[in-house]
Structures are given as C-alpha cells and as structure tokens.
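The lines below spell out each chain.
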Amino acid sequence: MAGNPRVGVLALQGDVREHAALLAGRGAEVSLVRRAEELAQVDGLVIPGGESSVIDKLSRAFGVAEPIRAAISSGLPVYGTCAGLILLADEILDGIDGQQSFGGLDVAVRRNAFGRQTESFETEIDVPTLGDPPVRATFIRAPIVERVGPGVDVLATLPDGRIVAVEQGSILGTSFHPEVDGELRFHDRFLALAIARSAHRT
Ligand code: GLN
C-alpha cells in the first residue's frame, strides 16, 4: 500500500490481534498502543471490540484516555468497532455507573442494545458508501446508534432502520466486527485517512 501508514490498535482489552493482523495484511505498519508515547507515533488508531467499560477504566489507569481525547480532537483518524464505537460516542446509554467515553462522535450509543436473547447474530447489510457487495456483519452484544448529530453521516442501517455504522470527519464507527468476516473495506477507508494524515508529517 502506498505510503505505509503507521497505525495503532488500542491494546488494553478486546480483539486486538484480529485488527492488527488485518491492518498488517493491508500493508500498514501496525503497533499496539497502551501509552501516550505510543499514541504519539501513529497516524491512526483502531479501538477494538471487547468490553467498553473495561477499556474505559484501563485507558484511564494507563493515562492514555486524555491523550486519546486530545488526539481525536486534533483530527487523528480513528475507527471503533462495537465497544470501540461506544468509546467514541459523545453519549453512552446503558453504560455502567461512571462509565466514560473518549467521545468525538456526536452520537448517542446504547450498549447491549439487542438484549440477552440476541447475544450475537450475523447478517448482510448494504453500505452504499462502500458499494457492492453488501457487508457480511457479525454483531456480538452489539450497540446501536440511537441519535446522530447534524455532522454525522449514517453509513448503514439494519432493515428496520436502526443505525449500525457512522462517520464524522475522520472518525468511523461500526456496531459490528468486519475484522472477523474478512471484510476489508472499512479498514481500508480508515487507512486512507491515516495515509492522508501521514502525508502531513515531516
Ligand atoms: N457489550 C460490549 C460493551 O459494552 C461490546 C461488545 C463487543 O465489543 N463485541 O462494550
């Protein structure tokens, strides 16, 4: 891939390896990010699926939560899947007591929105921005986006209209896990933003 962007995967908890392997397979230089010094080295950050309340607590314990917030507001490209989407939301619904997010995405996201009956499921969804074929999407105790602000593009909905993929500037979020289905197009979209960012580096 042209430019070989340096991207990080936030590696506090969750499906870190799957993202790292996919990104490396696309030609990116991938590093695992746990600390501010590591964050400073990358031109984009993936926040994996896992448990958002745990990633929240660990990020504060590692002192990387504030640096991530600052990096996002300075335009660092970020892509959050599932728990990662929750961590990017300005507002969390059904969070645990005291749960915080990095924010940046002007949305409200409800955790575990499909309830206990539907712990996980797979379906195909159309994502017009990505074109054909439809995206094979795996949802695992997934969140739903319940409110989007005016600057947010809705990239995908379920057939009943519930929002499962959004984008705002250089922030991308999906309720589902493309990294487990061999779906590359969301990560490629993120990498294109990281390449653009790396071009401004000296
Ligand atoms: N339910 C999890 C949370 O609240 C998200 C699940 C996932 O990332 N697969 O963080």
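Going by the structure above, here's the rest.
Figured I'd write up the structure that's included with this text. This structure is a prediction, so every number in the text was calculated from the model and none was measured.

Rules and cut-offs
Residues numbered from 1 in each chain as written. Predicted model: local features only at pLDDT ≥ 70, side-chain atom pairs only at ≥ 80, totals over all residues. Heavy atoms only, no water. Buried < 20%, exposed > 50% of the residue type's maximum accessible area, 1.4 Å probe, protein only. Helix = DSSP H or I, 4+ residues; strand = E, 2+ residues; numbered from the N terminus. Pairing = 2+ DSSP bridges. Polar contact = N/O pair within 3.5 Å; in protein donor to acceptor, adjacent residues only side chain to side chain. Arc of directions from axis to C-beta. Contact = heavy atoms within 4.5 Å.

1. Describing the pairing of strand β12 (residues 171–174)
By the alternation rule, side chains of β12 split into Ile-171 and Gly-173 and Leu-172 and Thr-174, which are all buried. Pairing analysis gives four bridges linking strand β11 (residues 163–168) to β12, with the strands arranged antiparallel. Paired with Glu-167 across the bridge in β12 is Leu-172. Connecting β11 to the antiparallel partner β12 that follows it, the hairpin turn spans two residues, and Gly-169 within it adopts a positive phi of roughly 60°.

2. Here's the deal with the side chain of Glu-183
Counting through the fold element by element, Glu-183 comes out in the loop between β12 and α6 (185–198). Overall, the relative accessible area of 9% leaves Glu-183 in the buried class. Here the side chain of Glu-183 touches Arg-185 through a polar contact of 2.8 Å, side chain to side chain.

3. Re helix α3 (residues 52–61)
Of all the residues in α3, the buried ones are Ser-52, Ser-53, Ile-55, Asp-56 and Ser-59. Projected onto a plane normal to the axis of α3, the buried residues spread over an arc of 165° and lie on a single side. Residues Lys-57 and Ala-61 are exposed on α3 and point more than 90 degrees away from its buried face. Considering only its buried residues, α3 is in contact with β1 (6–10), α4 (65–73) and α5 (83–88). Positive phi shows up at Gly-63, right after α3, with a value of about 70°.

Everything listed is a geometric property; what it means functionally is a separate question.
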